[in-house]
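Each chain, written out:
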Amino acid sequence: MASDAICDYPGCGKKGIIISRLSPEGYLVATGKKAYSFREAYRRFHYCQEHHDELMGGVWSRVRKPDDKKDGHVAPTAI
């Protein structure tokens, strides 16, 4: 954990205590660079507890929505 990281959520200046691969929009983000492991393959963000909880709530609400299961998009938890 980076001790002096700031929350990556727009407009938040709190300490980023949680490292996550969810972008501020709530999606996993690849770096596009050649990587040798899952850990290296995705960009990492720092969030305060409040904004991490908010983003995770959005992920779960999208996963549970029955009306968007046939749109061809992979669920954010499938990666």
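This report concerns the structure included in the present document. (Residues numbered from 1 in each chain as written. Predicted model: local features only at pLDDT ≥ 70, side-chain atom pairs only at ≥ 80, totals over all residues. Heavy atoms only, no water.)

1. Considerations on the packing of aromatic side chains
Considering all chains together, one arrives at 1 aromatic pair under this definition. For the pair F45 and Y47, a centre-to-centre distance of 6.2 Å together with 25° between the ring planes defines the contact as stacked. Each member of the pair, F45 together with Y47, is buried. (Phe/Tyr/Trp six-rings, centres within 6.5 Å; stacked < 30°, edge-to-face > 60°. Buried < 20%, exposed > 50% of the residue type's maximum accessible area, 1.4 Å probe, protein only.)

2. A short note on the pattern of salt bridges
Using the criterion set out here, one finds 1 salt bridge in the structure. A salt bridge links K14 to E50, with the shortest nitrogen-to-oxygen separation between them at 2.9 Å. Of the two residues, K14 is situated in the segment before β1 (18–20) and E50 in helix α2 (residues 49–64); the sequence distance between them amounts to 36 residues. By relative accessible area, which is 43% here, K14 ends up partly exposed. (Salt bridge = Lys/Arg side-chain N within 4 Å of Asp/Glu carboxyl O. Helix = DSSP H or I, 4+ residues; strand = E, 2+ residues; numbered from the N terminus.)

3. Some details on the nonpolar core
If you look at the biggest cluster of nonpolar residues, it comprises 8 residues: C7, C12, L22, F45, Y47, C48, L55 and V59. Listed by contribution, the elements that provide at least two residues to this core are β2 (45–47) and α2. When near neighbours in sequence (up to four residues on either side) are disregarded, F45 contacts D8, I18, I19, S20, R21, L22, S23, P24 and V29. (Core = buried A, V, L, I, M, F, W, Y, C linked by side-chain atoms within 4.5 Å. Contact = heavy atoms within 4.5 Å.)

4. Here's the deal with α2
Look at α2: 23 Å from first C-alpha to last across 16 residues, which is about the 22 Å you get at 1.5 Å a residue. Where α2 is buried, its residues contact β1 and β2. (Expected span 1.5 Å × (residues − 1).)

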